[in-house]
Amino acid sequence: MKINYVLTTVLSIALLSFSTFAHETPQSIERSATQFSGLDTPAGRSVLAYHEALSNGQADDVMSALTSEVIILEGSRIERSAEEYRQHHLHADMRFSAAVKTTIIEHHVRVYGDTAVSIARSHTLGTYKGKQIDKQGNETLVLNLINGHWKISHIHWSHSVSYTHLTLPTKR
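Now for a quick tour of the structure. (Residues numbered from 1 in each chain as written. Predicted model: local features only at pLDDT ≥ 70, side-chain atom pairs only at ≥ 80, totals over all residues. Heavy atoms only, no water.)

1. Some remarks on the environment of Lys129
Then step 1. Along the chain, the position of Lys129 falls in the loop between strand E5 (115–128) and strand E6 (131–146).
Then step 2. Measuring from C-alpha to C-alpha, the distance between Lys129 and Arg95 comes to 9.9 Å, with 34 residues separating the pair along the chain. (Helix = DSSP H or I, 4+ residues; strand = E, 2+ residues; numbered from the N terminus.)

This is the structure:
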């Protein structure tokens, strides 16, 4: 009899717990998951140093983090080398990074031998060139271990506007 009571109590608690979690919003479930991993690896530290250099306007450090043949995709733009990036968007990217606040929502770095992949999601808020910025962003970096140093060989940035601040049209 006592075993049935204990079993019934345990099952009831489990069912109540499940029903509570079943009603959590996707955002609260997402926040409770593990959001950061691999940042303490040498490849992860290289990614963090790259972002710090970009935010602090350290062009030489940004450039030294890239391979000479880096390919950078953002929106419909492509830059096919570090030199092309330096000439076209590096300084604008540094000014933008310094002007806004970017919060990293999730960031994972995985190392596969001499190659590493960094995947991050972010939320950027602020004002840049007189425009309000409120964007969700995704970033993928591919790094290669070259002569003992992790170098970025590919960057893919994508952004979307945050829907939390949009006003939807009303029906007439």
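The structure having been displayed, the exposition proceeds.
2. Comments concerning the pattern of salt bridges
Then step 1. Summed over all chains, the structure comprises three salt bridges.
Then step 2. The partner of Glu83 in a salt bridge is Arg86, with the nearest N and O atoms 2.2 Å apart. Pair noted here: Glu83 and Arg86 are both in helix H5 (residues 82–88), with a separation of three residues, about one helical turn.
Then step 3. For Glu83, a relative accessible area of 38% corresponds to the partly exposed category.
Then step 4. In this structure, Glu106 engages Arg121 in a salt bridge whose closest nitrogen and oxygen atoms are separated by 3.0 Å. Of this pair, Glu106 sits in strand E4 (residues 100–112) while Arg121 sits in strand E5, and the two are 15 residues apart along the sequence.
Then step 5. Accessibility expressed as a relative area gives 25% for Arg121, which makes it partly exposed. (Salt bridge = Lys/Arg side-chain N within 4 Å of Asp/Glu carboxyl O. Buried < 20%, exposed > 50% of the residue type's maximum accessible area, 1.4 Å probe, protein only.)

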